[in-house]
Amino acid sequence: MTREHAGNPDGIEILRQLASFDGAPDDPGVCPVRDVLDRVGQKWTLLLLIALTTGPKRFSALQRQVGDISKRMLTQSLRQLERDGLISRQVFPTKPPSVEYALTELGHSALEPIAILTDWADRNHGRIRAARASFDTADA
């Protein structure tokens, strides 16, 4: 989808336009939607943004809350989210230095669509698990 799609069509129309897009999908200049969705679709992104909804957190608190994320992957994910402007990083001059991560204004603006998606996932989890079970049984 390019910037030339003028106006503000509803969500379904945006999805239709994106589905019919024939451009170079790996070029963020050509498809900014894909560029953003690539980040949001990463394994840890949504979990980290959700973890920060209650306020700033230190690295260790984020690692405990998210669970099975390695320190290396947490560091990498936080750097990517900071680079994208979704979170901020504040270093406090203590010994040793402490660091807190928080949602930025842009990060807060992502919470509404994330809430819609997580609500949908919660409401449909049983149906999805039943479909998987049915598929796996038919495949056996």
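If you look the protein up in an unreviewed UniProt entry, it shows as HTH hxlR-type domain-containing protein from Salipiger bermudensis.

Engineer: Looking at this structure, how should I read the pattern of salt bridges?
Structural biologist: Proximity of charged atoms lets side chains of opposite charge pair with each other. Per the stated rule, a full pass over the model turns up one salt bridge. The salt bridge partner of Asp 119 is Arg 123, with a shortest N-O separation of 3.0 Å. Of this pair, Asp 119 and Arg 123 both sit in helix α7 (residues 111-139), four residues apart, roughly one helical turn. You can call Arg 123 exposed: its relative accessible area is 53%.

Engineer: What am I meant to see in the environment of Gly 85 here?
Structural biologist: Relative to the elements of secondary structure, Gly 85 occurs in the loop between α5 (71-83) and β2 (87-92). Its relative accessible area of 26% is what places Gly 85 among the partly exposed residues. The spatial distance from the C-alpha of Gly 85 to the C-alpha of Gly 107 is 7.2 Å, given a sequence separation of 22 residues. In this structure Gly 85 touches Thr 104, Leu 106 and Gly 107, once residues within four positions along its chain are discounted.

About the criteria used
- Along every chain, residues carry numbers that run from 1 in the direction the sequence is written.
- For a predicted model such as this one, the threshold for reporting local features is a pLDDT of at least 70, and the threshold for listing and counting side-chain atom pairs is 80 or more; totals across whole chains, interfaces and linings nevertheless cover every residue.
- With hydrogens and water excluded, all non-hydrogen atoms of the structure serve as input to the side-chain values.
- Note on definitions: salt bridges are taken to be side-chain nitrogens of Lys or Arg within 4 Å of carboxyl oxygens of Asp or Glu.
- Numbering of helices and strands runs from the N terminus, with a helix taken as a DSSP run of H or I at least four residues long and a strand as a DSSP run of E at least two residues long.
- Per-residue accessibility, obtained with a 1.4 Å probe over protein chains only, is compared with the maximum for each type, and a residue is labelled buried under 20%, exposed over 50%, and partly exposed between these values.
- The criterion used for residue contact is that any of the two residues' heavy atoms lie within 4.5 Å.

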